[in-house]
Amino acid sequence: MDKIPKIGIPLLIIAIATIILIAKSAVTINSGEAGVLYKTFDGGVVTSEPPLGEGFHIIAPWNKVHIYEVRQQELFEKMKVLSSNGLEIQIDASAWYQPVYSELGNLHQTLGENYLQRVIQPAIRSAARSVVGRYTPEQLYSSKRDAIQDEIFTETKKILEKQFVQLNEVLVRDVTLPNTIKDAIERKLKQEQESLEYEFRLVTAAKEAEKVIIEAQGKADANKILSASLTDKILQDKGIEATIKLSESPNSKVIVIGSGDSGLPIILGNQ
């Protein structure tokens, strides 16, 4: 009986040590994550092998695993930048990004877990300053928003090209101008719209007038052609036809009293 406690104590110590060892050796990586293995006694960060994927892993207790989210993430940025004429413009933008999965070890070794603050934010701010500085407030307010969005994306992606980060999209959500500039631009745009509407009305009225002139000219030409075709012979034949038709009526009396200047008989008829 005295020997049981002496044997039980080492077993208890071994059991506790085993539990601690397993706890330090077991790593669970959740969905949308990946792990970078750090070997304490064998070269540090592992960059020559793929990162640890989702699921349960057993590692040496003296090693470490740094877990990264590898899903697409979103960065919101409010930036104050200068236009081409030196006016301060506020840009509200967001960037969709994620680490390059196969390069996660290099990302951890060169930039670390704070890679967002170290490279992505400075890159998008630098690109926004460069792009917006090419345009006037009028262009930023009206027609060039899609253009600056594409240019900011292109320049940011170029900066991040060798930083083991994948940039998927940059969205410019809002461009805020000083109120005085915004009001002046809106007045100018309104005046331009009114001018375009006035020019449209003038063009429409000119086309309508041209249409009326063409129709009148057509009628005049038609009358001219008709008048030229009515010779004395034709008029005389038409008069004879009318006389014959009138004489054939049983209730009509026809009196021929001579002929007019055209050589046609003057016919009086009653019923």
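This write-up is about the structure you can find in this document. (Residues numbered from 1 in each chain as written. Predicted model: local features only at pLDDT ≥ 70, side-chain atom pairs only at ≥ 80, totals over all residues. Heavy atoms only, no water.)

### A short note on helix α5 (residues 145–159)
Reasoning step 1: Here α5 contains 15 residues, and its C-alpha end-to-end distance of 21 Å stays within 8% of the 21 Å for a straight helix at 1.5 Å per residue.
Reasoning step 2: Those residues of α5 not exposed but buried are I148, Q149, I152, F153 and T156. Taken end-on, α5 shows its buried residues confined to a sector of 140 degrees, consistent with a single buried face. Away from the buried face of α5 by more than 90 degrees, exposed residues D146, T154 and K158 are located.
Reasoning step 3: Looking at the buried residues of α5, the elements they touch are α3 (115–132), α4 (137–141) and β8 (165–176). (Helix = DSSP H or I, 4+ residues; strand = E, 2+ residues; numbered from the N terminus. Expected span 1.5 Å × (residues − 1). Buried < 20%, exposed > 50% of the residue type's maximum accessible area, 1.4 Å probe, protein only. Arc of directions from axis to C-beta. Contact = heavy atoms within 4.5 Å.)

### Section: the pairing of strand β1 (residues 26–29)
Reasoning step 1: Along β1, the buried face is formed by V27 and I29; none of A26 and T28, which line the opposite face, is buried.
Reasoning step 2: Across four bridges, β1 lies against strand β4 (residues 55–58) in antiparallel orientation. Bridging across to β4, I29 finds its partner in G55. (Pairing = 2+ DSSP bridges.)

### A few points about the packing of aromatic side chains
Reasoning step 1: Inspection of every chain in the model, using the stated rule, returns three aromatic pairs.
Reasoning step 2: Considering the side-chain rings of Y97 and Y115, the 6.3 Å spacing of their centres and the 80 degrees angle between planes classify their relative orientation as edge-to-face. Here the residue Y97 occupies a position in strand β7 (residues 88–99), and Y115 occupies one in helix α3, the gap between them amounting to 18 residues. The two residues Y97 and Y115 agree in class, both being buried.
Reasoning step 3: Among the aromatic residues, ring-to-ring pairing joins Y68, Y97 and Y115 into one connected group. (Phe/Tyr/Trp six-rings, centres within 6.5 Å; stacked < 30°, edge-to-face > 60°.)

Any functional reading would require information beyond the geometric quantities listed.
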